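Survey of secondary and tertiary structure
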Amino acid sequence: MADIAKIDVVLLSELRGLIEQARHHLAQVANSTLTLLYWKLGERIRREVLRDERAEYGEQIVATLSHQLASDYGKGFTEKSLRRMVQFSEAFPDEQIVATLSRELSWSHFVEILPLKQPLEREYYAEMCRIERWSVRTLRDRIGGQLYLRTAIAKKPEAVVQAEISHLRAGGQMTPDMVFRDPYMLDFLGLPEGYSERDLEAAILREMESFLLEMGAGFTFVARQKRISVGADDFYLDLLFYHRHLRRLVAVELKLEAFAPAHKGQMELYLRWLDRHDRPVGEESPIGLILCAGADAEQVELMDLSSANIRVAEYLAHIPDMKLMQAQLHHAVALARERAASGQLPHLPDTNTEAEGAAE
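Quantities reported herein were computed from a predicted structural model and do not represent experimental measurements.

**A short note on the overall build of the protein chain**
The helix and strand inventory of the protein chain stands at 15 helices and six strands. Buried positions account for 41% of the 360 residues belonging to the protein chain. Working note: accessible area of the protein chain is about 19,500 Å², and carbon and sulfur atoms make up 53% of it.

Take a look at the structure:
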């Protein structure tokens, strides 16, 4: 009797698994079909109605179409909804790209992305949603936190940004420029005034889940105070992570002060030791991230840290004025692209060889 009960429990668990799997598949198919429908409706209206130079006439036609469709199929086809579908087809004109994205992104995801004015920014968020499988809430938080402007890729020339996004879309590997950010928002740590480096590290360990969310998908915590033995001396790396998309270790050093040239030498030592003693066959060389209270952009550029696999980023322990930060980030992106255009930045690596809801 006990054996029968045991079999029944196993069988019941397996049957539940089959049902849940089928439900998930049906939901994905329904979402993808609905999203493609909205794109096709928007594309047809844009191409056959709104292309007419008589704008007022086109507007009247949309209103008439909305009235009839809403009467036949419900409130999901209001005039506002139809206009959003037209906007959707304008923002994402390639049907094949939409078909690919719709396997992971719901219509609600696209509704969050559509208000963004820059095409590259829309494409970035759409691709990151697809790869990292963000929820709508996570996407909203990422947009609100200016994630795109905080990534290294945003500071590259537009042609490079487009190339990296296309590389991802074609199934290529994510590059460090898509992964690392500047600044990092660490306000969730709740650090007191006058905190120490030990306080900062302890707070990160205590709030590791939130810290990993801010770092981005793909990071796994490996160790704290990793001992690095070189000759007769022992050194200690603050934090060590592994990134599954980059397929490499990520060494993180925490600094209360602004970035200083000496920090590069310290991180180079750690990275060379990890490369020699802690890198298995098939894994890429470790990369370093120096998190500090500030950094002089010109100083960082002159030290050519990227050639040493080192990134420098500022961390913000308290919530900034988001409008001010957005303005500063836009300024930093514009300045970096101007320098890149004038040849002041080091040569950019080839991204192909870089290491590895409702319609309303």
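**Some words on the sheet that holds strand S2 (residues 219–230)**
One open sheet accounts for six strands, arranged S1-S6-S5-S4-S3-S2; its pairing is mixed. Each edge of the open sheet carries a strand with a single partner, namely strand S1 (184–185) and S2. Lying on the sheet, helix H13 (residues 261–277) is in contact with S2, strand S3 (233–243), strand S4 (248–254), strand S5 (287–292) and strand S6 (310–316); it crosses S2 at an angle near 100 degrees.

**Examining the side chain of histidine 263**
Within the secondary structure, histidine 263 sits in helix H13. Histidine 263 gets classed as buried once you look at its relative accessible area, which sits at 8%. Setting aside residues up to four positions removed in sequence, histidine 263 forms contacts with Lys255, Glu257, Ala258 and Ile290.

**Description of the environment of leucine 291**
Tracing the chain through its elements places leucine 291 in strand S5. Residue classification places leucine 291 among the buried positions, given a relative accessible area of 0%. When the C-alpha atoms of leucine 291 and glutamate 314 are compared, they prove to be 5.7 Å apart, with 23 residues separating the residues in sequence. Not counting residues within four places of it along the chain, the set of residues in contact with leucine 291 comprises Tyr184, Phe211, Val252, Glu253, Leu254, Lys255, Ala313, Glu314 and Tyr315.

**What to know about empty space enclosed by the protein**
Estimated volume of the largest cavity: approximately 40 Å³. Every residue along the wall of the largest cavity is listed here: Met128, Glu132, Met174, Met178, Val179, Arg181, Met215, Gly216, Ala217, Phe219 and His243. Taken together, the elements giving at least two residues each to the lining of the largest cavity come down to helix H6 (119–132) and helix H10 (176–179). Residue classes in the lining of the largest cavity are distributed as seven nonpolar, two polar and two charged.

**A short note on the packing of H6 against helix H9 (residues 158–169)**
Interaxial distance between H6 and H9 falls to 10 Å at its minimum, and their mutual angle equals 25 degrees. By the angle class used here, H6 and H9 are roughly parallel. Pair H6 / H9 crosses with left-handed handedness. On the side of H6, the interface is formed by Leu120, Glu123, Tyr124, Glu127, Arg130 and Ile131, while H9 contributes Glu158, Val161, Gln162, Ile165, Leu168 and Arg169. A breakdown of the residues in the contact of H6 with H9 according to their chemical character gives six nonpolar, one polar and five charged.

**Quick notes on the pattern of salt bridges**
Between side chains of opposite charge, a pair can form as their charged atoms come close. Counting across every chain of the model gives 18 salt bridges. Between lysine 255 and glutamate 253 there is a salt bridge, with its nearest N and O atoms 3.4 Å apart. This pair shows no difference in class: lysine 255 is buried, exactly as glutamate 253 is. A salt bridge links arginine 279 to aspartate 275; the shortest N-O distance between them is 2.6 Å. When its relative accessible area of 34% is taken as the criterion, arginine 279 is described as partly exposed. The class of aspartate 275 is partly exposed, set by a relative accessible area of 27%. Here the salt bridges share partners, and the residues they tie into one network are Glu43, Arg44, Arg47 and Glu48.

**Some points on unusual backbone geometry**
Look at the link from aspartate 182 to proline 183: it is a cis peptide, with omega at 5 degrees. Here proline 183 is to be found in the loop between H10 and S1.

**Remarks on the pairing of S4**
On any regular strand, side chains alternate: one points to one face of the sheet, the next to the other face. S4 sits mainly inside the fold: seven of its seven residues count as buried. Between S3 and the antiparallel strand that follows it, S4, lie four residues; arginine 247 among them carries a positive phi value of about 55 degrees. As judged from the five bridges shared by S4 and S5, these two strands associate in the parallel manner. Residue leucine 254 lies in a different strand from S5, and its bridge partner there is leucine 291. A crossover links S4 with its parallel partner S5, the connecting element being H13, and its sense is right-handed.

**Structural notes on the packing of aromatic side chains**
Tallied over the full model, the rule gives 13 aromatic pairs. Residues phenylalanine 88 and phenylalanine 110 carry aromatic rings whose centres are separated by 4.7 Å and whose planes lie at 45 degrees to one another, so their mutual orientation is tilted. Placement of phenylalanine 88 in helix H3 (residues 79–91) and of phenylalanine 110 in helix H5 (residues 107–113) is noted, with a sequence separation of 22 residues between them. Each member of the pair, phenylalanine 88 together with phenylalanine 110, is buried. Consider the rings of phenylalanine 219 and phenylalanine 241, whose centres lie 6.2 Å apart with planes at 90 degrees: the pair is edge-to-face. Taken as a pair, phenylalanine 219 in strand S2 and phenylalanine 241 in strand S3 lie far apart in primary sequence, 22 residues in all. The exposure class of phenylalanine 241 is buried, given its relative accessible area of 0%. Aromatic rings pair up to connect Tyr38, Tyr73, Phe77, Phe88, Phe92, Trp107 and Phe110 into one cluster. The ring of tryptophan 134 has arginine 142 sitting right over it, with the charged end atom 5.6 Å from the ring centre.

The rules behind these values
Residues numbered from 1 in each chain as written. Predicted model: local features only at pLDDT ≥ 70, side-chain atom pairs only at ≥ 80, totals over all residues. Heavy atoms only, no water. Helix = DSSP H or I, 4+ residues; strand = E, 2+ residues; numbered from the N terminus. Buried < 20%, exposed > 50% of the residue type's maximum accessible area, 1.4 Å probe, protein only. Areas by Shrake-Rupley, 256 points an atom, 1.4 Å probe, with all protein chains shown as cover. Pairing = 2+ DSSP bridges. Contact = heavy atoms within 4.5 Å. Axes fitted to C-alpha atoms, helices over the stretch in contact; angles between N-to-C directions. 1 Å grid on protein atoms, 1.4 Å probe; cavity = no way out; pocket = protein on both sides within 12 Å on 5 of 7 lines; lining within 4 Å. Points joined across faces, edges and corners; volume = space filled by probe spheres on them. Nonpolar A, V, L, I, M, F, W, Y, C, P; charged D, E, K, R; others polar. Parallel < 35°, antiparallel > 145°, perpendicular 65-115°, else oblique. Left-handed = near helix turned anticlockwise from the far one by under 90°. Salt bridge = Lys/Arg side-chain N within 4 Å of Asp/Glu carboxyl O. Right-handed = clockwise from strand over helix to strand, strands pointing away. Phe/Tyr/Trp six-rings, centres within 6.5 Å; stacked < 30°, edge-to-face > 60°. Lys NZ or Arg CZ within 6 Å of the ring centre and 35° of its normal.

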